[in-house]
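One letter stands for each residue in the lines below.
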Amino acid sequence: MKLLVVDDHPLFRDGLAALLRQANPDTQVFQASDSEAGMEMAQAAGDLDAVFVDLMMPGLAGEAAVKEFARRRPELPVIVLSSSENPSDVKRVLKAGALGYIPKSASPQTVLSALQLVLTGNIYVPPLLARAADATATEQSKVAPGLSTLTERQVEVLKQLRDGHSNKEISNRLGIAEKTVKAHVAAIFRALNVVNRTQAANAARELQI
């Protein structure tokens with residue numbers, strides 16, 4: 001496994017890298033002190049499995065950094081790390097395309113579990129923050145609950161899903177990796193509160209997507 005940690009605090013970077021290597025001695029962990037350096041590393045190391053990005057750093061950070069990683073490496077899962085436990089921060093980065101949000105107060109086991117969840121195509125948000133973020137999204141979107149949490153790419157995937165295309169077909173049509181499609185479909189299910197593709201397609205039609 002190859003992972004990238006982008007954080008402007010060397011001590012935190014080293015600690016996370018040590019944790020990841022301890023969990024799996026074969027893991028390679030690259031480190032960068034800012035988003036631009038991290039993106040250069042991501043471009044150079046084409047076979048990265050995931051990237052951890054600090055929410056608050058000098059220069060490009062937050063949802064802007066998540067979007068830029070998604071633009072340059074759309075198949076690469078981005079996990080946001082942050083000292084913030086504000087539900088609005090969670091909502092913003094998930095909407096930007098992150099597949100995970102881990103508070104820096106999380107336990108080592110939580111970090112490893114979150115990574116495994118993201119690598120299998122799911123989304124990780126701490127339960128308390130997830131409930132708070134969902135409540136906020138519901139209040140702000142009475143007409144289409146959950147729709148506002150979808151990224152532009154996820155809406156594109158939903159349109160393809162609505163038209164009955166398989167993950168492989170969506171991958172070919174949108175030019176993204178099949179595992180990325182799988183991650184987007186999982187996010188769509190959660191956002192629309194559905195459990196299968198038929199329900200998601202019906203929801204898309206009801207929302208006139």
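Since we're looking at a predicted model, the values are computed, not measured.

About the cut-offs
- Residues numbered from 1 in each chain as written.
- Predicted model: local features only at pLDDT ≥ 70, side-chain atom pairs only at ≥ 80, totals over all residues.
- Heavy atoms only, no water.
- Helix = DSSP H or I, 4+ residues; strand = E, 2+ residues; numbered from the N terminus.
- Buried < 20%, exposed > 50% of the residue type's maximum accessible area, 1.4 Å probe, protein only.
- Pairing = 2+ DSSP bridges.
- Axes fitted to C-alpha atoms, helices over the stretch in contact; angles between N-to-C directions.
- Contact = heavy atoms within 4.5 Å.
- Arc of directions from axis to C-beta.
- Polar contact = N/O pair within 3.5 Å; in protein donor to acceptor, adjacent residues only side chain to side chain.
- Parallel < 35°, antiparallel > 145°, perpendicular 65-115°, else oblique.
- Left-handed = near helix turned anticlockwise from the far one by under 90°.
- Nonpolar A, V, L, I, M, F, W, Y, C, P; charged D, E, K, R; others polar.
- Core = buried A, V, L, I, M, F, W, Y, C linked by side-chain atoms within 4.5 Å.
- Phe/Tyr/Trp six-rings, centres within 6.5 Å; stacked < 30°, edge-to-face > 60°.
- Lys NZ or Arg CZ within 6 Å of the ring centre and 35° of its normal.
- UniProt positions renumbered as here; feature names shortened; annotations may be inferred.
- Salt bridge = Lys/Arg side-chain N within 4 Å of Asp/Glu carboxyl O.

## Notes on unusual backbone geometry
Part 1: Positive phi, normally seen in glycine, also occurs at Asn 193, with a value near 60°.
Part 2: With respect to the helices and strands, Asn 193 occurs in the loop between α9 (178–192) and α10 (197–206).
Part 3: Of note in the backbone geometry, Gln 208 takes a positive phi value of approximately 60° without being a glycine.
Part 4: With respect to the helices and strands, the residue Gln 208 is situated in the segment after α10.
Part 5: The exposure class of Gln 208 is exposed, given its relative accessible area of 75%.

## Things to note about the sheet that holds strand β3 (residues 50–54)
Part 1: Here 5 strands make up an open sheet; going across it, the order is β2-β1-β3-β4-β5 and the pairing parallel. Strands at the two margins of the open sheet, each flanked by one partner only, are β2 (28–32) and β5 (100–103). Neighbour to neighbour, the strand axes of the sheet diverge by 20° on average, direction disregarded.
Part 2: Contacts from helix α3 (residues 62–72) reach β1 (2–6), β3 and β4 (78–82) within the one sheet, and its direction differs from that of β4 by about 160°.

## As for helix α2 (residues 35–44)
Part 1: Ser 35, Gly 38, Met 39 and Ala 42 are the residues of α2 that are buried. Taken around the axis of α2, the buried residues stretch over an arc of 100°, which confines them to a single face. Of the exposed residues in α2, those oriented more than 90 degrees away from the buried face are Glu 40 and Ala 44.
Part 2: On its buried side, α2 packs onto β1, β2 and α3.
Part 3: Taking the backbone nitrogen of Glu 36 as reference, a side-chain oxygen 3.2 Å away marks Asp 34 as the first, capping residue of α2.

## Re the packing of helix α8 (residues 167–174) against α9
Part 1: It is at 8 Å that the axes of α8 and α9 come closest, and there the two elements cross at 110°. Taken together, α8 and α9 sit at an angle that is classed as roughly perpendicular. For the element pair α8 and α9, the recorded crossing hand is right-handed. For the pair formed by α8 and α9, the contact residues are Asn 167, Lys 168, Ile 170 and Ser 171 on the first element and Glu 178, Val 181, Lys 182 and Val 185 on the second.
Part 2: Across the contact of α8 with α9, the residue classes break down as 3 nonpolar, 2 polar and 3 charged.

## Considerations on the nonpolar core
Part 1: Counting 46 residues, the largest nonpolar core has Leu 16, Leu 20, Val 51, Phe 52, Phe 69 and Ile 102 as its most contacted members.
Part 2: Ranked by residues supplied to this core, first place goes to helix α5 (residues 108–119) with 5 residues.
Part 3: Setting aside its immediate chain neighbours within four residues, Phe 52 contacts Leu 3, Leu 4, Val 5, Val 6, Leu 16, Leu 20, Ile 79, Leu 81, Ile 102, Val 111 and Leu 115.

## Looking at the packing of aromatic side chains
Part 1: Evaluated as defined, the whole model comprises 0 aromatic pairs.
Part 2: Above the plane of the ring of Phe 12 lies Lys 104, whose end atom (NZ or CZ) is 4.4 Å from the centre.

## Side note on the UniProt feature "modified residue: 4-aspartylphosphate" (unreviewed entry) in the protein
Part 1: Per the UniProt record, the feature "modified residue: 4-aspartylphosphate" (unreviewed entry) sits at Asp 54.
Part 2: By the secondary structure assignment, Asp 54 is in strand β3.
Part 3: Not counting residues within four places of it along the chain, the set of residues in contact with Asp 54 comprises Val 6, Asp 7, Asp 8, Leu 81, Ser 82 and Lys 104.

## Here we look at the pattern of salt bridges
Part 1: The full count for this structure, using the stated rule, is 11 salt bridges.
Part 2: The shortest N-O distance in the salt bridge between Lys 104 and Asp 54 comes to 3.3 Å. Of this pair, Lys 104 sits in the loop between β5 and α5 while Asp 54 sits in strand β3, and the two are 50 residues apart along the sequence.
Part 3: Exposure remark for Lys 104: the relative accessible area of 28% places this residue in the partly exposed category.

## A word on the side chain of Thr 151
Part 1: Tracing the backbone shows Thr 151 in the loop between α6 (127–140) and α7 (152–162).
Part 2: A relative accessible area of 7% means that Thr 151 is categorised as buried.
Part 3: Setting aside its immediate chain neighbours within four residues, Thr 151 contacts Leu 94, Lys 95, Ala 96 and Gly 97.

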